[in-house]
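# Structural characterization, general
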Amino acid sequence: MGFRRTAQLVCLTAFLVLLAGAGHIQEADLFLRLDPALVGITAIAERKWSWLFLPALIVVFSAFLFGRIFCGYICPMGTSLDLYDEAHGAVAGRFFQRKPGKARHAPQWLSPRLNRHILVFLVGAAIAGVSLVSWMSPLSLITRFYGLIIYPVMEIVASQALVLIYPLVSWLDIRSLMFAELTPPRFTGRFVVLLCFFLIFAAGRITPRFWCRYLCPAGGLLAVAASKPLLRRRVSDACNQCGICAQKCPMGAIENCCPEATDHAACISCRTCESLCPQQAIEFSLQARPDRDAGPETALSKSRRQFLISGAAGLGTAAVSLTGLHAVSGKTVEGRVLGERLIRPPGALPEPSFLASCVRCGECMSACPTNTLQPIWFDAGFLGMFSPAITPRRKYCDPRCTACGEVCPTGAIRTLSAEDRVWARTGTAIIYRQKCLAWEHKKSCMVCDEVCPYDAIAFENKPGLPYPVPHVKENRCAGCGYCEHYCPVTNKAAIVVTPMNALRLSTGTYREAGEIRKYKLSLRPPTVSLEPRTYPGATGMGTKHPEETPDNGSKGRAPGFDAGY
Amino acid sequence: MLPGRLFARNKTDIAVVKGDIETAVRKSVDMLGGISRFVKKGNRVVIKPNMSFAVGPERASNTHPLVAKTIAALCREAGAARVLILDNPLAPEERCLEASGIYAACESLEKGMTHMVSNPRSFREVEINNGQTLKKTEVMKEVLSADVLIAAPVAKSHSGAGVSLTMKGMMGLIQNRSVMHRRGLHECIVDLASLLTPQLAIVDATRVLTTGGPGGPGKVIIPETIIASTDMVAADAYTVAAFEWYGKTYAPNQVKHIRLAHERGLGRMDIENLKVRKQTV
């Protein structure tokens, strides 16, 4: 195995390990932050600079020196495409008769500049403040693919395996395996991701790395930087124009007519040509030797005009998107039409900034330990597609968890301290009394109170009702969704979280903002110390919220007790 | 008949021991005939404490770690082949294990003893033959294959069930609790207790959460008492009568599931007719 393949596999493995460990290990989003298209478009759309963006700058700089080595050696999308291509070739070679010598050539009408046009299109939209990069960013796409499709499938297989081996490990009394519990995540919207990848992989049948050659905007940006890198392909006079290199180049960087010339913008320095050359006329080196590179064949003015058109198309798309009913801009919330249950993750920026920054990579969804973060469809309109939202019915959003903010590559979800996380309110619970077991059906149920980590539910006896009934203490509720998740009412819960009073800040602490708004957000505090000791009948120790201790009820009876015989 | 009555008088129905936690647990089991009466050599034992809230022992929402640990130690001393301490919490599992202190306490005794079970695949559906409202439910496989079930609930108030004691605690061994709230909590608790009847109930009243249960925060009193019985209904009934709830005293029959369990013959709540032995250690 050559150096390049080793480097590719190491990088892909690192990418997969970081993704699997998202929420547990530092810098889980590193690979996403290497993607220059993802970072560049976000920086323009959100008009901000962050040190988070530094790795992508390094990647761009590397292209000036060494060409598109990111594409050839590092990018997990490129590696996945290579591996798929080889696997497909091997399988097809074994089971079907291969048409010998059939080279895969790109159709003539496809311009190798298409990826740069896509990049310019995205930049055009970003100038209007609209980020469409999630549709085309290679790292965003591949993170979604592995995180939302491949990993959940692997987990469900593993969890089935645990069931199969249970009798054996129980007999052997291996406790760690007996009680190992895997809860495979479940996601919505995966068929869009699957369809994208079907198309991307299938396009590899037209030419290898079709995606990298024609579509990838990150590749397009690096192509611009790598138009004449220091370390590049050079061909000596020993070349006898056999053309093998041109035939085998996966990127189409060598023309059949003139194999001694190189389109460096397309070359990913894979060095396939170097290893294949019968004359050993090719080397990748720094040494200055007169090289005969392919010059710009198209008249510059014509190509410039075409790029202007692409940029204008991006601007136009942005303008059309911004006139959608659900589009958000500016700070005012008046007239905003968004899904009534659109609950953003804790620490999500104000909606317009959030949508401009979020690259829909799904890293937060992969990292979410409760699987409550799900991609949305049109709850936030076309521009909100595939952005994350809390789905409390699936599970609560744990107020001690800061995973989504930690893994967000662009800071669309802010990184929160443990203390501030408790204050990062995501919404408010409301009770549908006509669905509630205690209110409507006169049954004994207090699950919402039992599970609420904020002590935001008060149970009170009401005349005419046999059991205490719940109320939401609005200023104590943070919208975490424990109540909605555990509410025993089937399908739609009787207590649900709505986005009301969610704190969406771009700066400052959530605690400060919450205190100004008179919120009292704290996880149920421990009672005061056990001293002095008290015994039955003695008046006891105070509680933290004595004024909110459930009242003895209209009949003066402890909740849950009745008259007896 | 005379001999039977004599025998009944000597037998302890409810052991109530006040004092140092470990000594009190051991003493209470001794008063009921010793651990060997319940756990035989080679038995598989499941102990069910309350450990489903991510709070410390001072909040009295969970069983005291020393209670769980002492019971587990007793079972091991009796020669049990496998002792497991299990619960199925609503709050995040790891934090419950850690905050309750039970994991650390019992891990020092034997590694791999304490576990939270919540995966649907770890449960098996069983019929409740005597169930009136709840006819079937999914129970932890480990519980179904155990020889002995020991309940070790903390004594606490419960805004829905009145109190959360031995019978209510059995809800921690099954998967689908929400159906019980829909069909009628008290009725279902009794049905479940008819299926999952612990051979030994050891109620941890070293601290009692008398208001704000089950999760608290609420008023915590510290009776330093262990209440043990082979009759889960009697243990629960005694606990109800022994302590204040929301500042007042109540009769066991004022808790519907205790009353129903008594009526259905699952145990006795008429503690005045039972042999209660009290000790201070």
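It should be noted that the structure appears before, not after, this text.
In what follows, the accompanying structure is described. (Residues numbered from 1 in each chain as written. Chains lettered and ligands numbered in written order. Predicted model: local features only at pLDDT ≥ 70, side-chain atom pairs only at ≥ 80, totals over all residues. Heavy atoms only, no water.)

## Some details on the overall build of chain B
- Summing up its helical and strand segments, chain B has eleven helices and 13 strands in all.
- For 281 residues, the compact-globule formula gives about 19 Å, and the C-alpha radius of gyration of chain B, at 17 Å, lands near that figure.
- Principal-axis analysis of the C-alpha atoms gives chain B an extent of 50 × 40 × 40 Å.
- Taking all 281 residues of chain B together, 66% fall into the buried category.
- Long-range contacts, defined here as pairs at least 24 residues apart, represent 73% of the contacts in chain B between residues at least 6 apart.
- For chain B, the exposed surface amounts to about 9,400 Å²; the carbon and sulfur share of it is 48%.
- Computed over 37 positive and 27 negative side-chain charges, the separation of the two mean positions in chain B equals 3 Å. (Helix = DSSP H or I, 4+ residues; strand = E, 2+ residues; numbered from the N terminus. Rg over C-alpha atoms; globule rule 2.2 N^0.38 Å. Buried < 20%, exposed > 50% of the residue type's maximum accessible area, 1.4 Å probe, protein only. Contact = heavy atoms within 4.5 Å. Areas by Shrake-Rupley, 256 points an atom, 1.4 Å probe, with all protein chains shown as cover. Lys, Arg positive; Asp, Glu negative; His and termini not counted. Charge placed at Lys NZ, Arg CZ, Asp CG, Glu CD.)

## Side note on the overall build of chain A
- A tally of regular secondary structure across chain A gives 21 helices and eight strands.
- The buried share among the 565 residues of chain A stands at 53%.
- When contacts within chain A are restricted to residue pairs at least 6 apart in sequence, those whose partners lie at least 24 apart make up 74%.

## Looking at the side chain of T137 of chain B
Residue and element names in this part refer to chain B.
- Locating T137 in the fold gives a position in strand 6 (residues 136-140).
- Residue class for T137 comes out buried when judged on its relative accessible area of 4%.
- Not counting residues up to four positions away in its chain, the partners in contact with T137 are R124, E125, V126, I128, I174, L192 and L195.

## Overview of the pairing of strand 8 (residues 154-158) of chain B
Residues and elements named next belong to chain B.
- Most of strand 8 sits out of view: five of its five residues are buried.
- Going residue by residue along strand 8, you find V154, K156 and H158 tucked away on one face and A155 and S157 tucked away on the opposite face as well.
- Pairing geometry for strand 8 and strand 10 (residues 200-209), over three bridges, is parallel. Looking at the pairing, A155 lines up with V208 of strand 10.
- With three bridges connecting them, strand 8 and strand 9 (residues 162-164) associate as antiparallel partners. Looking at strand 9, one finds that K156 is bridged to S164.
- Taking the residues between adjacent antiparallel strands as the criterion, strand 8 and strand 9 are bridged by three residues. (Pairing = 2+ DSSP bridges.)

## Things to note about the side chain of T225 of chain B
- By secondary structure assignment, the location of T225 of chain B is in strand 12 (residues 225-229).
- Classification of T225 of chain B as buried rests on a relative accessible area of 8%.

## Brief notes about the packing of aromatic side chains
Residue and element names in this part refer to chain A.
- Counted by the stated rule, this structure contains 16 aromatic pairs over all chains.
- Ring geometry for Y84 against F201: centres 4.7 Å apart, planes inclined by 45°, an arrangement best described as tilted. One end of the pair, Y84, is in helix 5 (residues 76-95); the other, F201, is in helix 9 (residues 190-203), and 117 residues separate them in sequence.
- Owing to a relative accessible area of 32%, Y84 belongs among the partly exposed residues under this scheme.
- Judged by relative accessible area, F201 falls into the buried class, the value being 14%.
- On the numbers, 6.2 Å between centres and 35° between planes, the contact of Y396 with Y486 is tilted. Note that Y396 is positioned in the loop between strand 4 (388-390) and helix 17 (403-407) and Y486 in helix 20 (residues 482-486), a separation of 90 residues in sequence.
- Relative accessible area serves as the criterion here: at 15%, Y486 is assigned to the buried category.
- Taken together through their ring pairs, the aromatic side chains of F15, F31, Y84, F145, Y146, F197 and F201 make up a single cluster.
- The ring of Y519 has R425 sitting right over it, with the charged end atom 4.3 Å from the ring centre.
- A cation over a ring is seen here: R433 above W439, with NZ or CZ 3.9 Å from the ring centre. (Phe/Tyr/Trp six-rings, centres within 6.5 Å; stacked < 30°, edge-to-face > 60°. Lys NZ or Arg CZ within 6 Å of the ring centre and 35° of its normal.)

## Considerations on the packing of helix 3 (residues 54-66) of chain A against helix 11 (residues 217-225) of chain A
All names here are of chain A.
- Look at helix 3 against helix 11: their axes get within 8 Å of each other, and the N-to-C directions meet at 45°. It follows from the interaxial angle that helix 3 and helix 11 lie oblique. Helix 3 and helix 11 meet at a crossing whose hand is right-handed. Two secondary-structure elements touch here, helix 3 through V59, V60, A63 and F64 and helix 11 through L221, L222 and A225. (Axes fitted to C-alpha atoms, helices over the stretch in contact; angles between N-to-C directions. Parallel < 35°, antiparallel > 145°, perpendicular 65-115°, else oblique. Left-handed = near helix turned anticlockwise from the far one by under 90°.)

## Some details on the nonpolar core
- If you look at the biggest cluster of nonpolar residues, it comprises 98 residues, and the most contacted ones within it are F15, M77, L139, I142, F197, W211 and F354 of chain A.
- F354 of chain A has contacts with R344, A348, L349, S387, P388, A412, I413 and R504 of chain A, leaving out every residue within four places of it along the chain.
- F179 of chain A together with L165, I227 and F243 of chain B belong to the second largest nonpolar core, which has 63 residues in total. (Core = buried A, V, L, I, M, F, W, Y, C linked by side-chain atoms within 4.5 Å.)

## Regarding unusual backbone geometry
- Omega for the peptide link from G213 of chain B to P214 of chain B comes to 5°, which places this bond in the cis form.
- Position of P214 of chain B among the secondary structure elements: in the loop between strand 10 and strand 11 (220-221).
- One non-glycine residue, D173 of chain A, adopts positive backbone phi at about 60°.
- Among the structural elements, D173 of chain A can be located in the loop between helix 7 (138-172) and helix 8 (175-178).
- You can call D173 of chain A partly exposed: its relative accessible area is 30%.
- Unusually for a residue other than glycine, Y246 of chain B sits at a positive phi of about 50°.
- Turning to its location among the elements, Y246 of chain B is positioned in the loop between helix 10 (232-242) and helix 11 (256-263).

## Thoughts on the pattern of salt bridges
Residues and elements named next belong to chain B.
- All chains considered together, the criterion is met by 29 salt bridges over all chains.
- Linking R82 and E142 is a salt bridge whose minimum nitrogen-to-oxygen distance equals 3.4 Å. Of the two residues, R82 sits in strand 3 (residues 82-87) while E142 sits in helix 6 (residues 141-144), which places them 60 residues apart along the sequence.
- Of the residues examined, R82 reaches a relative accessible area of 4% and is grouped as buried. (Salt bridge = Lys/Arg side-chain N within 4 Å of Asp/Glu carboxyl O.)

## Side note on the interface of chain B and chain A
- Between chain B and chain A, the residue contacts involve 69 residues of the former and 59 residues of the latter.
- Roughly 5,400 Å² is buried in total at the junction of chain B and chain A, and carbon and sulfur atoms are behind 53% of that figure.
- Put simply, chain B and chain A have four salt bridges between them.
- Summed over the shared surface of chain B and chain A, the result is 16 residue pairs in polar contact (both at pLDDT 80 or more).
- Looking at side-chain class alone, the side of chain B that touches chain A contains 28 nonpolar, 20 polar and 21 charged residues. (Buried area = accessible area lost by both parts, 1.4 Å probe. Polar contact = N/O pair within 3.5 Å; in protein donor to acceptor, adjacent residues only side chain to side chain. Nonpolar A, V, L, I, M, F, W, Y, C, P; charged D, E, K, R; others polar.)

## Description of helix 2 (residues 21-31) of chain B
Residues and elements named next belong to chain B.
- Among all positions in helix 2, only I21, A24, V25, S28, V29 and M31 are buried. The arc enclosing the buried residues of helix 2, seen along the axis, measures out at 160°, which places them on a common side.
- Against the buried residues of helix 2 lie strand 1 (14-18), helix 3 (65-77), strand 10, strand 12 and strand 13 (276-280). (Arc of directions from axis to C-beta.)

## A closer look at helix 11 of chain B
Residues and elements named next belong to chain B.
- Turning to helix 11, its buried residues are H257, I258, R259, L260 and A261.
- Lining the buried residues of helix 11 we find strand 9, helix 7 (166-169), helix 9 (185-195) and helix 10.
- Once helix 11 ends, the next one or two residues include G265, with phi positive near 75°.

## Some details on the environment of P89 of chain B
All names here are of chain B.
- Tracing the sequence through the fold places P89 in the loop between strand 3 and helix 4 (93-100).
- Under the relative-accessibility criterion, P89 is labelled buried at 6%.
- A sequence separation of 66 residues divides P89 from T23, and the C-alpha atoms of the two residues are 29 Å apart.

## Comments concerning the environment of S176 of chain A
Residue and element names in this part refer to chain A.
- Turning to its location among the elements, S176 is positioned in helix 8.
- Judged by relative accessible area, which is 55%, S176 ranks as exposed.
- Note: C-alpha distance between S176 and A478 (302 residues apart in sequence) is 36 Å.

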